[in-house]
Amino acid sequence: MYYFIVNYGGGSGRGKKTWKNVKGILDAEMIPYHAWRTEYPGHATKLATSIIKKYGKKEGPICIVVVGGDGTINEVLNGITDFEHVWLGVIPTGSGNDFVRGHGLPKKTVPALFQILNCELAERTDLGWVAGDSNAPRIFGISAGIGLDAEVCKKALKSKQKKLLNGLGVGKLTYLLLTVESLITMKTAGGRVIFDGDMENVLHMKRLIFLAGMNTPWEGGGVPMSPDASPVDGRLSTCVADGIAKWKTFFELPVLVAGKHKKLKGFTLKDSGAIDIEMDRPVVLHVDGEYGGDVRRVHMEILKGKLQLMKGGRDCACGGFQKAVSKMERDD
């Protein structure tokens, strides 16, 4: 049995069409499933918790499948109350899709569903955990961060540009445009980062542009903040940009987007199990691109092998599946 949590709004409406196609394949193959549609922000978290509570006593894993973007995936992750008995699958519909990019999952609907239905053993992958000031702790699958990238994520949630560009199929440009805008308007801050609780392993920051705690290499629609990050190494990869003149950031932005910033002055990339951040004034925090509040103190750590991801699987040549796929391709 598969339990689908579907966000119709993913990718400015692509979610509805994607689910129609997925449903057609499931029905053609007579695969048993239940499906729920999200109705408001945070609903996916409640749905995931409810599914586990209702169906968690049955034998075998609870196979929860997200049809949505990075925000919906994050909500579901934060609704999973029993990671040991849940297998997660993802069929992406968002504009950024950094979760599937970072975890090596298919971006297209048919291969993604194909992989989920034929998964015989879920793959263990890391998750991140973050708490800021008095905010409730949250899990992240991609990244959490403060500064520029968090400012951009906060603005993107309400951006009219994002809705327009998503509709045109170029939603990734939203983050680039908002990054340029935020670089002009944002105020830098000072503080320090303590790695693994070691007071002799501290990075002092005078004019922080951004700090990103990465579980995967990419965020913001494919920006490789930490090119060497891996969701299966049990490490949190921290990327810090500090002490860079604002005018200079415009010239270094293309270098960052190309993933060639490791040797640039002002950038620090460092792996650890956990970090503690202390800032001299409140800054914006994001968690997987979702607004996480304005904070001065942040703790992040990695949860090694916490998530069981439906990935890989044997080939399938089921006739009904192939017919449903062929029809879907004709409709497209």
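Residues numbered from 1 in each chain as written. Predicted model: local features only at pLDDT ≥ 70, side-chain atom pairs only at ≥ 80, totals over all residues. Heavy atoms only, no water.

Student: What is the right way to read the confidence of the model for the protein chain from this model?
Tutor: The predicted coordinates ought not to be read in detail in places where the model reports low pLDDT. A residue-level look at the protein chain finds 87% of positions with pLDDT of 70 or above and a mean pLDDT of 88. When pLDDT is averaged over each helix and strand of the protein chain, the minimum, 47, is found for helix α10 (residues 319–331) and the maximum, 98, for strand β6 (residues 138–140). Counting interchain partners and residues more than four positions distant, the pLDDT-below-50 stretch residues 314–324 has 22 contacts. In the model, residues 327–332 has pLDDT below 50 throughout and makes five contacts with residues more than four positions away in sequence or in other chains. (pLDDT = per-residue confidence, 0-100. Helix = DSSP H or I, 4+ residues; strand = E, 2+ residues; numbered from the N terminus. Contact = heavy atoms within 4.5 Å.)

Student: How should the side chain of His-261 be read in this particular structure?
Tutor: As for its position among the elements, His-261 is in the loop between α9 (246–257) and β13 (267–272). You can call His-261 buried: its relative accessible area is 0%. Within the local environment of His-261, its side chain forms a polar contact with the backbone oxygen of Met-225, the two atoms lying 2.8 Å apart. Excluding its chain neighbours within four sequence positions, the residues that come into contact with His-261 are Pro-224, Met-225, Pro-227, Cys-239, Val-255, Leu-256, Phe-267 and Leu-269. (Buried < 20%, exposed > 50% of the residue type's maximum accessible area, 1.4 Å probe, protein only. Polar contact = N/O pair within 3.5 Å; in protein donor to acceptor, adjacent residues only side chain to side chain.)

Student: Can you walk me through the pattern of salt bridges in this structure?
Tutor: If the charged atoms of two oppositely charged side chains come close together, the side chains can form a pair. One pass over the structure, following the stated rule, counts eight salt bridges. In this structure, the salt-bridge partner of Glu-123 is Lys-311, at a minimum N-O distance of 3.4 Å. You can see Glu-123 sitting in strand β5 (residues 123–132) and its partner Lys-311 sitting in the loop between β15 (290–309) and α10, a full 188 residues away along the chain. Judged by its relative accessible area of 32%, Glu-123 falls in the partly exposed class. We note a salt bridge from Asp-228 to Lys-262, for which the minimum N-O separation is 2.9 Å. Taken as a pair, Asp-228 in the loop between β11 (223–224) and β12 (236–242) and Lys-262 in the loop between α9 and β13 lie far apart in primary sequence, 34 residues in all. Residues joined in a network through salt bridges with shared partners are Arg-192, Glu-278 and Arg-297. (Salt bridge = Lys/Arg side-chain N within 4 Å of Asp/Glu carboxyl O.)

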